[in-house]
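Descriptive analysis of the structure
This is what each chain is made of:
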2 protein chains.
Amino acid sequence: MKKYNVAILGATGAVGMEMLKVLQERDFPIQELRLLASSRSAGKVIETEKYGSVTIQEAKDSAFEGMNIVLGAAENDISKKFVDAIKASGAAYIDNSSAFRMDPEVPLVVPEINPEDAFTHKGVIANPNCSTIITLVAINAINRLSPIEALYASTYQAVSGAGIKGPKEMYEQSRNILEGKDIECSTFPYQIAYNLLPQIGGFGENGYTSEEMKLQNEGRKILHLPELKVSCTCVRVPVERSHSISANVITKDRLELEDVRKAISEAAGCKLKDDTEKNIYPMPIETSDQDLVYVGRIRRDLVCENGINLWCCGDQVRKGAATNAVQIAQLLISRD
Amino acid sequence: MKKYNVAILGATGAVGMEMLKVLQERDFPIQELRLLASSRSAGKVIETEKYGSVTIQEAKDSAFEGMNIVLGAAENDISKKFVDAIKASGAAYIDNSSAFRMDPEVPLVVPEINPEDAFTHKGVIANPNCSTIITLVAINAINRLSPIEALYASTYQAVSGAGIKGPKEMYEQSRNILEGKDIECSTFPYQIAYNLLPQIGGFGENGYTSEEMKLQNEGRKILHLPELKVSCTCVRVPVERSHSISANVITKDRLELEDVRKAISEAAGCKLKDDTEKNIYPMPIETSDQDLVYVGRIRRDLVCENGINLWCCGDQVRKGAATNAVQIAQLLISRD
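In what follows, the accompanying structure is described. (Residues numbered from 1 in each chain as written. Chains lettered and ligands numbered in written order. Predicted model: local features only at pLDDT ≥ 70, side-chain atom pairs only at ≥ 80, totals over all residues. Heavy atoms only, no water.)

1. A word on the overall build of chain A
Keep this limit in mind: Helix and strand assignments come from DSSP, with helices taken as H or I runs of at least 4 residues and strands as E runs of at least 2, each series counted from the N terminus. For every residue, the accessible area obtained with a 1.4 Å probe (protein chains only) is divided by the maximum for its type, and the residue is called buried under 20%, exposed over 50%, and partly exposed between those limits. Contacts are residue-level and defined by heavy atoms, with any inter-residue pair within 4.5 Å sufficient. Accessible surface area values rest on a Shrake-Rupley calculation with a 1.4 Å probe, where residue burial reflects the displayed protein chains alone. Asp and Glu are treated as the negative residues and Lys and Arg as the positive ones, with His and the ends of the chain left uncounted. One atom stands in for each charge, and that atom is NZ of Lys, CZ of Arg, CG of Asp or CD of Glu.
In terms of helices and strands, chain A carries nine helices and 14 strands. With respect to the three principal axes, the spread of C-alpha positions in chain A is 55 × 55 × 40 Å. Buried positions account for 61% of the 336 residues belonging to chain A. Taking the contacts inside chain A whose residues are at least 6 apart along the sequence as the reference set, 67% of them involve residues at least 24 apart. Approximately 13000 Å² of chain A is accessible, and the part contributed by carbon and sulfur atoms is 46%. Between the centroid of the 38 positive side chains of chain A and the centroid of its 45 negative side chains there is a distance of 1 Å.

2. Regarding the relation of the copies chain A and chain B
Rules: Residues below a pLDDT of 70 in either copy are left out; the C-alpha atoms of the rest, at least 70 in both, set the least-squares superposition of the copies.
Once chain A is rotated about the relating axis by 180° and shifted along it by 0.0 Å, it coincides with chain B to within an RMSD of 0.0 Å. Between the two chains, the operation in question is that of a two-fold axis. Counting the interface residues of chain A, we find that 100% of their copies in chain B are interface residues as well, pointing to one common contact surface.

3. Things to note about the sheet that holds strand β5 (residues 57-58) of chain B
All names here are of chain B. Short version of the rule: Pairing between two strands is assigned when DSSP locates at least 2 bridges connecting them. Each axis is a line fitted through C-alpha atoms, and for a helix only the stretch in contact is used; angles between axes span 0 to 180 degrees, taken between their N-to-C directions.
Pairing is parallel across the open sheet formed by six strands, whose spatial order is β5-β2-β1-β6-β7-β8. Looking at strand neighbours, the two that pair on one side only are β5 and β8 (124-126), the edges of this open sheet. As judged from the six bridges shared by strand β1 (residues 4-9) and strand β2 (residues 30-37), these two strands associate in the parallel manner. Bridge pairing in β2 links Leu9 to Leu36. Across the sheet, helix α1 (residues 14-25) is in contact with β1, β2 and β6 (69-72); its angle to β1 comes to roughly 155°. Most of the contacts of helix α2 (residues 76-89) go to strand β7 (residues 92-95), to which it runs at about 165°, and overall it touches β1, β6, β7 and β8.

4. Section: the state of the cysteines
Residue and element names in this part refer to chain B. Applied cut-off: Only a pair of cysteine sulfur atoms within 2.5 Å qualifies as a disulfide here.
Summed over the entire model, instances satisfying the criterion amount to zero disulfides over all chains. Summary of cysteine pairing: Cys232 is not part of a disulfide, and the nearest cysteine sulfur, belonging to Cys234, is at 3.7 Å. On the basis of relative accessibility, which here comes to 1%, the residue Cys232 falls in the buried class.

5. Quick look at the side chain of Ser79(B)
All names here are of chain B. Definition in use: Counted as a polar contact is a pair of N or O atoms within 3.5 Å, where, for protein atoms, one must be capable of donating a hydrogen and the other of accepting one, and residues adjacent in sequence contribute only when both atoms are in side chains.
One can find Ser79 in helix α2. Separated by 2.7 Å, the side chains of Ser79 and Asp95 make a polar contact. For Ser79, the residues in contact, after removing those within four places along its chain, are Tyr93, Asp95, Ser97, Ala99 and Phe100.

6. Remarks on the nonpolar core
All names here are of chain B. Put simply, the rule reads: Residues belong to one nonpolar core when they are buried, are Ala, Val, Leu, Ile, Met, Phe, Trp, Tyr or Cys, and are joined through side-chain atoms within 4.5 Å.
Residues Leu9, Val70, Ile142, Ile264, Val295 and Leu310 are the most contacted members of the largest nonpolar core, which totals 58 residues. Per-element tally for this core: the top contributor is helix α4 (residues 130-145), with eight residues. Residues contacting Leu9, with those up to four places away along its chain left out, are Leu36, Ala59, Phe64, Val70, Leu71, Gly72, Ala73, Ala74, Ile78, Phe82, Ile86 and Tyr93.

7. Some points on helix α4 (residues 130-145) of chain A
All names here are of chain A. Rule in force here: One less than the number of residues in a helix, times 1.5 Å, gives the span that helix is expected to have. Note on bend: at a given residue it equals the angle between the axes fitted to the 7 residues ending there and to the 7 starting there.
Its 16 residues give α4 an end-to-end C-alpha distance of 24 Å, which sits within 8% of 22 Å, the value for a rise of 1.5 Å per residue. Roughly 45° is the biggest bend found in α4, and it falls at Ile139. Summarising burial for α4: 14 of the 16 residues are buried, a large majority.

8. Examining the interface of chain A and chain B
Worth spelling out the cut-off: Once two parts are joined, some of their accessible surface, as seen by a 1.4 Å probe, is lost; buried area is that loss totalled over both. Any carboxyl oxygen of Asp or Glu within 4 Å of a side-chain nitrogen of Lys or Arg constitutes a salt bridge here. Classes in brief: Ala, Val, Leu, Ile, Met, Phe, Trp, Tyr, Cys and Pro nonpolar; Asp, Glu, Lys and Arg charged; the others, Gly included, polar.
Of the residues lining the interface, 60 residues belong to chain A; the matching set on chain B comes to 60 residues. Between chain A and chain B the total buried area reaches about 5200 Å² when both faces are included, carbon and sulfur atoms providing 60% of it. On the chain A side of the contact with chain B, Tyr152(A), Tyr194(A) and Leu302(A) bury the most area, a combined 14% of that side's loss. Where chain A packs against chain B, one counts four salt bridges. Taking the shortest distance from any N to any O, the salt bridge between Arg299(A) and Glu212(B) comes out at 3.7 Å. Among the secondary structure elements, those contributing two or more residues to the side of chain A that touches chain B are β9 (148-156), α5 (165-178), α6 (210-223), β10 (229-233), β11 (243-251), α8 (284-287), β13 (293-300) and β14 (307-314) of chain A. Each residue belonging to the side of chain A that touches chain B can be placed in one class, and the counts come to 33 nonpolar, 18 polar and nine charged.

9. Observations regarding the pairing of strand β4 (residues 52-55) of chain A
Residues and elements named next belong to chain A. Where strand β3 (residues 45-48) meets β4, four bridges bridge the pair, whose relative direction is antiparallel. Residue pairing across strands places Val45 opposite Thr55, the latter belonging to β4. Adjacent in sequence and paired antiparallel, β3 and β4 are bridged by three residues.

10. Things to note about the sheet that holds β9(A)
All names here are of chain A. The strand order across the open sheet formed by six strands is β10-β9-β11-β14-β13-β12, and the pairing between neighbours is mixed. With partners counted over all chains shown, the strands left at the sheet margins are β10 and β12 (270-272), one partner each. When strand polarity is set aside, the average angle formed by the axes of neighbouring strands in this sheet is 25°. By the bridge criterion, five bridges tie β9 to β10 in an arrangement that is parallel. By the bridge assignment, Tyr152 is partnered in β10 with Ser231. Against the sheet, α6 engages β9 and β10, with an angle of about 155° to β10. Most of the contacts of helix α7 (residues 257-266) go to β13, to which it runs at about 175°, and overall it touches β12, β13 and β14.

Structure representation (structure tokens):
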């Protein structure tokens, strides 16, 4: 079996560390593993189960030489800084930042939805936004039954979406509130413990946040539905891990609920959790640390007769980021 | 000034205690205050700021004699048990349970929206569901600009909506999780700390919960919009107090955002909190323990051109229950 030289750019962050975990879980055939981070982390040694001790190297242009695949878990500015060096190295760059997602030259891929797009790449493949991946995996089976024309979504996003510091801040605030002490805010603009923040990302001119617009913009590209209309509200909630989404999906044709349930139960990447008689529905504590998107509360939209309402939860660090990127890498090597 | 004999039925619960607080805050002109509860609580003495020491009496048919107004903060079965005795006493019964809300003989009143309906009562006036009140107060000004035809709503409901035991359970679970201990669930079917429960109330045949259907059923009656279509998803979130709602409001005519903002800023019961440049928007920790519904994130719906999206928060124990009931009582005596 062919083995590959794989680098993780931004290996010390929450997504980078999860990529390392998922590569090992999936027995990704690795010849050399290179973990790249800022000069601050360079020299630290990471003990891995399958690849032994790996010393973190400083991310710089020369660090990508000889690599076959680079998994990007860095912010937009870092991704932009190194993209030319990665391309020059000949590696396929699977980038989790949002820097290149809307570039028409760059495929934006969810392997369960548009795997073929991955093979059109010219060096860079973008990994979509976390809540976008989770929502689209949940509704992809509906789109195959009848094209989705519009989508209303309200999200309930976990604090780990803001990186390792998110859960730390939430739990510290929780502890201080329980002990009657003052709290500090640094990762989030306001208290997040026992509170809700209806803002993720910066605000655009139309009043939507960057996070809210991703579902429409990225959704159109991934689903190949250039006319898809999406109205989204993104809210940060005091949950450690796994994003949840309340979605109203409006399709071209009227669908039968049983067909929708069957399609979702058979859809790649989905697990149907929908039995109201037994109070069974997706919850974020149950979807954390695994790769499936749980879907439930499937019912007819009461506003629009061609609409389906549902509730879904998925681990945004895994399927919403690290796992999806590793799946893209697996897809690429599957045709070698 | 005329004074009234007022009873609170279910005085020891979260809503009953809040009614007592709101009566005092609003200097409600009380001659005799009667606090009624189960035989278990009878005999206990409640110290009040304005009405001195009040001994709790057992709720029984004879307990309502001589009362002018009865504020009901009891469950449906208790409300149904005593409604005839209350009517026979001649008192106006302002009931917070859902027992009579959809009875065509019983007005369902939010004083900022349909005050005139209160005066058609035949002994009983129903206080609407908490998340219904908060949502409708937020969107009432939009309905006055152009009739609302449809509404999508996803709720983020605080644990105190389940009574005094709700916050207790959430904080106990939080503490145990922070200390690495096992948790117990009794008020909620699953862990609520750091989790989300997409179920409030029991499930109906159409897959919606009782709580979700209230927004459509009660909304139609309160807004006098018998054709109003509402698709709602209700979710319990780990927030102590104040419900939040992500709403998409579809009106007959296309509205200008500036007109909507102006109307909401001037609407009774609302406070506009909408300045994205300064990261100002409603949050549940800011709306607790006061009576206004905060409204923000006002923007154009990207699916429907006659739609407006918004986010609102309000204290469901106060405006969603106790305050609204006391306001109805104030309305009734205003014409004496």
